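Single-letter residue listing:
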Amino acid sequence: KRDWSSDVCSSDLDSNGNYQTFTIGAGSGSHYQVVDELPNNGVTDYLVSTATSGNAETEGCISGASAGITGTVNAVKIYTEVRRDGGTNGTCRARLRSASTDSDTAADYSTTGSFAGLFLLSTTDPATGSAWVLSALDSLECGVVEKDGTNKTRWTSGCIMVDYTPASATTNFLTLMGVGT
């Protein structure tokens, strides 16, 4: 059994990703700095979608080597926390980006007035269709895709978790390549 808890996390997002269509709704700094808390800090800072279906926001993470990841990558999981922005529910999806390939959750999520966690777990690299390799971790991004043309989504927190077996060990480890320090 894999443990995907964030209690054993050690790393962070460190750059704006390839998609930068959301705006800063509260807080300041770079976009990745606005979604860099685990657990989320509520409405202290967050990004807001444009209410344009298909628009996305992604943030990049530190390299696998900087996170101390060695050996075999078993799976990658992204986690985002979202809610509606305003009085009407909208829809969105979580996005994992590897190299230039996007992989979104299969179904739209209907936002509510409460924060909810969305995740996508992948045992294969979307960019290659094959098992993950260490070098692929260097181009990962996590994010949110707006699926509503009228109602906006707030994104307040996100992270990337990596389940791996170190080269010199027989047990699995989990490292968060998450959202800032």
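Residues numbered from 1 in each chain as written. Predicted model: local features only at pLDDT ≥ 70, side-chain atom pairs only at ≥ 80, totals over all residues. Heavy atoms only, no water.

A separate point is the overall build of the protein. Summing up its helical and strand segments, the protein has 1 helix and 12 strands in all. Starting at the N terminus, the α and β elements of the protein follow one another as β-β-α-β-β-β-β-β-β-β-β-β-β. Counting only residues that meet the buried cut, the protein has 48% of its 181 residues in that class. When the accessible surface of the protein is summed, it comes to about 7,600 Å², and 46% of that surface belongs to carbon and sulfur atoms. (Helix = DSSP H or I, 4+ residues; strand = E, 2+ residues; numbered from the N terminus. Buried < 20%, exposed > 50% of the residue type's maximum accessible area, 1.4 Å probe, protein only. Areas by Shrake-Rupley, 256 points an atom, 1.4 Å probe, with all protein chains shown as cover.)

The tendency in soluble globular proteins is for nonpolar side chains to be buried as a group. Among the nonpolar cores identified, the biggest contains 27 residues, and Val76, Leu140 and Trp155 are the most heavily contacted of them. Of all the elements in the fold, those that place two or more residues in this core are β5 (72–85), β6 (91–98), β9 (116–122), β10 (140–146) and β11 (152–165). If we ignore the near neighbours within four places in the chain, the residues touching Leu140 are Glu59, Gly60, Cys61, Val76, Leu96, Arg97, Ser98, Trp132 and Ile160. (Core = buried A, V, L, I, M, F, W, Y, C linked by side-chain atoms within 4.5 Å. Contact = heavy atoms within 4.5 Å.)

Here the focus is the pairing of β5. Burial within β5 is extensive, with 10 of its 14 residues counted as buried. The pairing of β5 with β9 spans 7 bridges and is antiparallel. Among the inter-strand pairings, Tyr79 is bridged to a residue of β9, identified as Phe119. (Pairing = 2+ DSSP bridges.)

Looking now at the confidence of the model for the protein. This prediction gives the protein a mean pLDDT of 85; 86% of its residues lie at or above 70. Taken together, the stretch residues 1–11 has pLDDT below 50 and engages in 23 contacts with residues farther than four places along the chain or on a different chain. (pLDDT = per-residue confidence, 0-100.)

Another aspect to go through is the side chain of Glu57. With respect to the helices, strands and loops of the structure, Glu57 is situated in strand β4 (residues 56–61). For Glu57, the side chain forms a polar contact with the side chain of Gln20, separated by 3.0 Å. A distance of 3.3 Å separates a polar atom in the side chain of Glu57 from the backbone nitrogen of Thr21. In this structure, Glu57 is in contact with Tyr19, Gln20, Thr21, Phe22, His31, Leu47, Cys142, Gly143, Val144 and Trp155, ignoring residues within four places of it in sequence. (Polar contact = N/O pair within 3.5 Å; in protein donor to acceptor, adjacent residues only side chain to side chain.)

Along any regular strand the residues' side chains alternate between the sheet's two faces. Where burial is concerned, most of β10 is hidden: 7 out of the 7 residues are buried. Taking every second residue as pointing to the same face, both faces of β10 are buried, with Leu140, Cys142, Val144 and Glu146 on one and Glu141, Gly143 and Val145 on the other. Inspection of the sheet shows β4 paired to β10 by 5 bridges, in the antiparallel sense. Counterpart to Glu59 in the pairing with β10 is Cys142. Pairing geometry for β6 and β10, over 7 bridges, is antiparallel.

Moving on: the environment of Gly29. Positionally, Gly29 belongs in the loop between β2 (23–26) and α1 (31–34). On the basis of relative accessibility, which here comes to 46%, the residue Gly29 falls in the partly exposed class. Sequence separation between Gly29 and Asp45 is 16 residues, and the spatial gap between their C-alpha atoms is 9.9 Å.

So, on to the side chain of Glu59. With respect to the secondary-structure elements, Glu59 resides in strand β4. The buried charged residue Glu59 lacks any salt bridge, with Arg97 as its nearest oppositely charged partner at 11 Å. Reaching out from Glu59, the side chain makes a polar contact with the backbone nitrogen of Gly17 at a distance of 3.5 Å. (Lys, Arg positive; Asp, Glu negative; His and termini not counted. Salt bridge = Lys/Arg side-chain N within 4 Å of Asp/Glu carboxyl O.)

Moving on: the packing of aromatic side chains. Under the criterion given, the structure shown has 0 aromatic pairs. We note Lys77 situated over the ring of Phe119; from NZ or CZ to the ring centre the distance is 4.6 Å. Positioned above the aromatic ring of Phe115, the side-chain terminus of Arg83 is 5.4 Å from the ring centre. (Phe/Tyr/Trp six-rings, centres within 6.5 Å; stacked < 30°, edge-to-face > 60°. Lys NZ or Arg CZ within 6 Å of the ring centre and 35° of its normal.)

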